[in-house]
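Architecture at a glance
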Amino acid sequence: MKDYLVKATAANAQVRAFSATTRQMAETARKNHDTSPVVTAALGRLLTAGAMMGSMLKGEADLLTLQITCDGPIGGMTVTADGRGRVKGYAKNPQVILPASSQGKLDVGGAVGSGILRVIQDCGLKDPYVGQTALQTGEIAEDLTYYFATSEQVPSSVGLGVLMERDNTVRQAGGFLVQLLPFAEEETISRLEQNLQKIRSVTSMLDDGITPEGLLELVLEGMDMQITDTMDVEFACSCSKERVEKALISIGREEIDKMIADGEPIEVKCQFCSRGYRFTVQELTDILEKARKQ
Ligand SMILES: [Zn+2]
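Residues numbered from 1 in each chain as written. Predicted model: local features only at pLDDT ≥ 70, side-chain atom pairs only at ≥ 80, totals over all residues. Heavy atoms only, no water.

With that out of the way, let us pick up the overall build of the protein chain. Each helix and strand in the protein chain was counted, giving 10 helices and 13 strands. When its C-alpha atoms are laid out on the principal axes, the protein chain stretches across 70 × 45 × 35 Å. When each of the 294 residues of the protein chain is scored for burial, the buried share is 49%. Here the contacts in the protein chain between residues at least 6 apart in sequence split such that 63% fall between residues at least 24 apart. (Helix = DSSP H or I, 4+ residues; strand = E, 2+ residues; numbered from the N terminus. Buried < 20%, exposed > 50% of the residue type's maximum accessible area, 1.4 Å probe, protein only. Contact = heavy atoms within 4.5 Å.)

Shown next, in the form of structure tokens:
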């Protein structure tokens, strides 16, 4: 199944919902950053959440960043999404190895530990909107549910999952996000709660061939669900040699001087996608020259 996301409303717009299948996105992140299984799962979940939350952005240039700062061995994660399904992200320590949890699952909560979740919405204004809450379990979905309830006062339910193959590539990844709008009636709330109690994990549903549309039909069963939009989602980074050059200049002339003195070409990696950019000594000298003129 190709990666994509659907948006829906239900119960006369008392509910809005999102669902996505993101296997390729999670697998691209795994390959780019050479992540261990537990990090693949953690990052895959956060990327999926980023895709869904990003799709709520209105402006062309708007960006949403999900940032986890934590004390677990993963050290932190950052995911940035635009409103058109392009998502990128990385974990600070991509090769964390942890024993499985007591239920035999990848211990994402153990890898993340406790810390803070920041949601940064950059909509081109002078100051971006920043909401932040304490991590609840480090399992990502619960942390986002808590974030929506406390920081945005929107009762929500979030499901996220990444399932691995035996060879540690990604077999399934995806998620859903359901939100109650302020005028939701008691009947709608209790129906949604009943439905949520019945459903299985996101990855087991996807693994049975259930599509994002089908997934929302289950979550919003009996609530007159209507799909309002469908969009492709992908792991995509907008880095370029030019941008990396700017980042190089920002680290300072002294540092560049040292690199030139070493007399060896250097490789600078993009943090978000791990793509490497090579700079020869001559190029470094030119960059320094340009920086002097600025
Ligand atoms: Zn990049």
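Buried within helix α8 (residues 241-250) are the following residues: V244, E245 and L248. Considered in projection along α8, the buried side chains sweep an arc of 105° and stay on one side of the axis. Opposite its buried face, α8 presents the exposed residues E242, K246 and S250, each directed more than 90 degrees away. Looking at the packing, one finds that the buried side of α8 touches α9 (253-262), β12 (266-269), β13 (276-279) and α10 (281-293). (Arc of directions from axis to C-beta.)

Now for the coordination of the zinc ion. Coordination of the zinc ion by the protein is provided by C237 (SG), C239 (SG), C270 (SG) and C273 (SG), with metal-donor distances spanning 2.3 Å. Read in sequence order, the donor residues for the zinc ion give the motif C-x1-C-x30-C-x2-C. Pair noted here: C239 is in the loop between β11 (234-235) and α8 and C270 is in the loop between β12 and β13, with a separation of 31 residues, a long-range link. Classification of C270 as buried rests on a relative accessible area of 12%. (Donors = N, O, S within 2.8 Å, 3.2 Å for Na, K, Ca; no water.)

Take the sheet that holds strand β10 (residues 226-232) next. Spatially, β8-β9-β2-β1-β10 is the arrangement adopted by the 5 strands of the open sheet, whose pairing is antiparallel. Of all strands in the sheet, those with a lone pairing partner are β8 (156-164) and β10, marking the two edges. Each neighbouring strand pair of the sheet contributes to a mean axis angle of 10°, computed without reference to strand direction. The pairing of strand β2 (residues 15-21) with strand β9 (residues 170-180) spans 7 bridges and is classified as antiparallel. Of the residues in β9, the one forming a bridge with R16 is Q179. Against the sheet, helix α1 (residues 23-33) makes contact with β2 and β9, and its axis sits at roughly 120° relative to β9, the strand it touches most. Those strands touched by helix α7 (residues 212-219) are β1 (4-10), β2, β9 and β10, and its axis lies near 145° from that of β2. (Pairing = 2+ DSSP bridges. Axes fitted to C-alpha atoms, helices over the stretch in contact; angles between N-to-C directions.)

Moving on, we get to the environment of K7. Considering the arrangement of structural elements, one finds K7 in strand β1. Separated by 205 residues in the primary sequence, K7 and P212 have C-alpha atoms spaced 9.4 Å apart. Setting aside its immediate chain neighbours within four residues, K7 contacts A17, F18, S55, Q226, I227, T228, D229 and M231. A polar side-chain atom of K7 sits 2.6 Å from the main-chain carbonyl oxygen of S55. (Polar contact = N/O pair within 3.5 Å; in protein donor to acceptor, adjacent residues only side chain to side chain.)

Let us now look at the nonpolar core. The biggest cluster of nonpolar side chains holds 65 residues, and the ones touching the most others in it are I74, M77 and L144. Per-element tally for this core: the top contributor is helix α2 (residues 37-54), with 11 residues. Apart from the residues within four sequence positions on either side, L144 is in contact with A49, M53, L66, L117, V158 and L160. Core analysis: the second largest hydrophobic core is formed by 23 residues, V6, V15, F176 and A184 among them. (Core = buried A, V, L, I, M, F, W, Y, C linked by side-chain atoms within 4.5 Å.)

Attention shifts here to the pairing of β12. Pairing geometry for β12 and β13, over 4 bridges, is antiparallel. Residue pairing across strands places K269 opposite G276, the latter belonging to β13. Between β12 and β13, which pair antiparallel one after the other, the connecting turn spans 6 residues, and S274 there sits at a positive phi close to 65°.

Our next topic: the sheet that holds strand β5 (residues 86-91). The 6 strands lie next to each other as β7-β6-β3-β4-β5-β11, forming an open sheet whose pairing is mixed. Of all the strands in the sheet, just β7 (129-134) and β11 have a single pairing partner and so form its edges. Taken together, the 6 bridges between strand β3 (residues 63-70) and strand β4 (residues 77-82) define a ladder with antiparallel strand orientation. From the neighbouring strand, L64 faces β4, where its bridge partner is A81. Packed on one face of the sheet, helix α4 (residues 141-151) meets β3, β6 (115-122) and β7 and runs near 120° to β7.

Coordinates in, geometry out; function isn't part of it.
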